[in-house]
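A look at the structure
The residues making up each chain are set out below.
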Amino acid sequence: MTGAATVLIGGERLPVEATLPVHDPSTGEPFATIARGGPGEVDAAVQAARAAFDRDWRHRTARDRARLLRALAERLRADAEQLAALETRDTGKPLGQARTDVEVAAQLLDFSADTVQALHGEVIPATVPDVTVMAQREPHGVTAHITPWNYPLPMVARTAGPALATGNCCVVKPAEDASLTTLRLAEIALEVGFPPGALNVVPGLGGEAGAALAAHPNIDHLSFTGSVRTGKLVARAAAENAVPVALELGGKSPNLVFADADLERAVPAIVSSILAHAGQTCSAGSRLLVERAVYDRVVDEVRERFAAVRIGPGADDADLGPLINARQRDSVAAAVAAAAGDARVVTGGRVPAGLERGYFYEPTLLDRVTPDAPIAQEEVFGPVLVALPFDDAREAIAVANGTAYGLVTGVWTRDLDRALWLAREAQSGTVYVNLFGGGPEMPFGGVRQSGHGREKGFEALRAFTRVKTVAVRAAGQEG
Ligand code: ADP
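First things first, this report covers the structure right here in the doc. Residue numbering note: each chain is counted from 1, following its sequence as written. Totals for whole chains, interfaces and linings use all residues, but because this is a predicted model, local features are given only for residues with pLDDT of at least 70 and pairs of side-chain atoms are given and counted only at 80 or more. Side-chain descriptors were evaluated using all non-hydrogen atoms of the structure, hydrogens and water having been removed beforehand.

1. Quick look at the overall build of the chain
Scanning the chain from N- to C-terminus turns up 15 helices and 20 strands. Here the C-alpha atoms of the chain give a radius of gyration of 23 Å, agreeing with the 23 Å that 2.2 N^0.38 yields for 479 residues. When the backbone C-alpha atoms are referred to their principal axes, the chain occupies close to 80 × 60 × 40 Å. Residues are treated as being in contact if the distance between any of their heavy atoms lies within 4.5 Å. A separation of at least 24 residues holds for 73% of the contacts in the chain among residues at least 6 apart in sequence. When the accessible surface of the chain is split by element, carbon and sulfur atoms take 51% of a total near 19400 Å². We count Lys and Arg on the positive side and Asp and Glu on the negative side, and we leave His and both chain ends out. Where a charge sits is defined by one atom per residue type, namely NZ (Lys), CZ (Arg), CG (Asp) or CD (Glu). Each charge class in the chain was averaged separately, 47 positive and 58 negative side chains, and the resulting centres sit 2 Å apart. Strands are runs of DSSP state E lasting at least two residues, helices are runs of H or I lasting at least four, and both sets are numbered from the N terminus onward. In this treatment the radius of gyration is a C-alpha quantity, and the globule benchmark scales as 2.2 Å times the residue count to the 0.38 power. Throughout, the Shrake-Rupley method with a 1.4 Å probe supplies accessible areas, and for residues the shown protein chains are the sole cover considered.

Okay, structure coming up:
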């Protein structure tokens, strides 16, 4: 067993008596412990963040903050192998995907650093004489970040990165299933020169450390990424303190494939959109809507690719690793079993033979379901894809929009008129045409049950600042 069970508060690693075991999802074996932080640690972290904000961080220039964010990104790249190995052990994700996570996190930090110096307010023409009106952008103060276990480093970079860039100090509550790289990132931040208290990390259970952070009366902004159910709980807690909340929740994102699409490009992208990190991605492309003329061909090509996937431990860098824990694997298996009575299981639908100790599940393709079936409506958060045929663009977009979610819509067509019409009609925060997935410059977030607020891009800098209006009357100088 390795790993010290600590919280990182005010620049110090402090031991906590209560601990939680950390399991390797590829084997089910415990290999480390993390701190089980509670209200006391959360309160200390919020105080440390407040002190760092008041005394130091808010007084720094954007250029200085950007310099530190770049240094952090560079250290992530330099330590990429160790970080990726740790992430693979903690989350089960294939090593190559963990390496990508480190690079994505570094790019997100770089993007905040590159853009924050261009963030500025406005001078507004006044309606009364001799008055200058300035809308200045200022940080919220202490920002709270409750993050999920699926992409720990990108998620912390995506929310704490722009928060720090714009002058906030952060308290992060990583997910109990995957806290190790977040703690390491915060240590590296100290090593590259971030002031103590700028970035604090309190691991622990959602119902304890998470709930305490969401309800803390001295935070100024709350970012949450996770399930719809928990998102509503934390939003309720924040509402008690009248604190602004950004929610990045789940999805049931569709890929719409038209007969004129470049299928050689579309099919591999669609497969990786659902199989990346075993489907445990909020923006996973979990519904495949295909124009009837090419339906059989596309379903067959996806089936072939699913059947060829190498499944194995994350450290072996297979194509598909395990799910995060036994509960998640069982919930995926239950969703498929419930659907299988009516649907056709084209491929998959089982725990792979010989891998029963870890939390593995086969890539699974289902069809012959109606758009309103639970498997076509509810987020499974596993390597499970549902295929549905359509006859025209109107039907396609009606089905695409016909869930409670609205995170991403993927469109595959060579017809630009049709693509732009679908982009107008799509009820989602993002529309990708002939690609699926985006860089740090693209604002990201949902509508409806997928949440609200935008991460990434310049929007993230706006989200972590608020406007202060400063109006100054200066007497005219006669003569
Ligand atoms: P999942 O059910 O897939 O683990 P959650 O939405 O519950 O997803 O978890 C996302 C994050 O929210 C994690 O960091 C988790 O610890 C935290 N969390 C869970 N329950 C609560 C809660 N009641 N209050 C605050 N945070 C919570």
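Here the narrative resumes, following the displayed structure.
2. Re the sheet that holds strand 20 (residues 465–473)
Backbone-to-backbone hydrogen bonds pair the strands of a sheet. The strands run either parallel or antiparallel. Here the rule is simple: two strands pair whenever DSSP picks up at least two bridges between them. Read across the open sheet, the three strands follow the order 5-6-20; overall the sheet is antiparallel. The open sheet terminates on both sides in strands that have one partner only, identified here as strand 5 (122–125) and strand 20. For this sheet, the mean inter-axis angle between neighbouring strands, taken without regard to orientation, is 25 degrees. As paired elements, strand 6 (residues 131–139) and strand 20 share nine bridges and run antiparallel to each other. Paired with R137 across the bridge in strand 20 is V467. Axis lines are fitted to C-alpha atoms, over the contacting stretch for helices. Their N-to-C directions set the angle, which ranges from 0 to 180 degrees.

3. Some words on the side chain of T225
By secondary structure assignment, the location of T225 is in strand 10 (residues 221–225). Dropping the residues within four chain positions of it, T225 is found in contact with I146, T147, P148, M155, E248 and E455.

4. A short note on the state of the cysteines
Sulfur atoms of two cysteines make up a disulfide when they are within 2.5 Å. A full pass over the atoms with the stated rule returns zero disulfides. Here C170 stays unpaired: no disulfide links it, and the sulfur of C169, its closest cysteine neighbor, is 6.9 Å away. Exposure classes here rest on a 1.4 Å probe applied to the protein chains alone. A residue is buried below 20% of its type maximum, exposed above 50%, and partly exposed in between. What makes C170 buried here is its relative accessible area of 0%. Cysteine C282 is unpaired, with the sulfur of C170 as its nearest cysteine sulfur at 19 Å.

5. Overview of the site of the ligand
Nearness of a residue to a molecule or strand requires only that one of the residue's heavy atoms be within 4 Å of it. Around the ligand lies a shell of 17 residues, among which T147, K173, E176, S227 and T230 are the nearest. We define a polar contact as two N or O atoms separated by no more than 3.5 Å, with the added condition that, inside protein, one atom must be a possible hydrogen donor and the other a possible acceptor, whereas residues neighbouring each other in sequence contribute only through side-chain atom pairs. Measuring from an oxygen atom of the ligand, one finds a side-chain N or O atom of E176 at 2.5 Å. Between the ligand and G206 there is a distance of 3.3 Å, counted from a nitrogen atom to a backbone nitrogen or oxygen. Relative to its unbound accessible surface of 550 Å², the ligand loses 83% to contact with the protein. Put simply, the parts of the chain that give the shell around the ligand at least two residues each are helix 7 (206–214), strand 10 and helix 8 (228–240). Classifying every residue of the shell around the ligand gives eight nonpolar, seven polar and two charged. Here the term charged refers only to Asp, Glu, Lys and Arg, the term nonpolar to Ala, Val, Leu, Ile, Met, Phe, Trp, Tyr, Cys and Pro, and the term polar to all other amino acids, Gly among them.

6. Details of the side chain of S112
The topology assignment puts S112 in helix 4 (residues 95–116). We classify S112 as buried; its relative accessible area is 5%. Excluding residues that lie within four positions of it along the chain, S112 makes contacts with L69, G161, P162 and A165.

7. Thoughts on the sheet that holds strand 13 (residues 285–291)
Pairing is mixed across the open sheet formed by seven strands, whose spatial order is 14-15-16-13-12-17-18. With one partner strand each, in any of the chains shown, strand 14 (344–347) and strand 18 (430–433) form the two edges of the open sheet. Looking at each pair of strands side by side, their axes are set apart by 25 degrees on average, direction ignored. Contacting strand 12 (253–257), strand 13, strand 14, strand 15 (364–367) and strand 16 (384–390), helix 10 (residues 292–307) crosses the sheet at an angle of about 145 degrees to strand 13.

8. A short note on the packing of helix 2 (residues 62–78) against helix 6 (residues 180–191)
Where helix 2 contacts helix 6, the two axes come as close as 9 Å, and the packing angle between them is 125 degrees. Considering their axes alone, helix 2 and helix 6 lie oblique with respect to each other. Between helix 2 and helix 6 the crossing geometry is right-handed. Contacts between helix 2 and helix 6 involve L72, R75 and L76 from the former and R184, L185, I188, A189 and E191 from the latter. Should an angle fall under 35 degrees it is taken as roughly parallel, and over 145 as roughly antiparallel, whereas 65 to 115 is taken as roughly perpendicular and any remaining angle as oblique. Left-handed describes a crossing in which the near helix is turned anticlockwise from the far one by less than a right angle; the clockwise case is right-handed.

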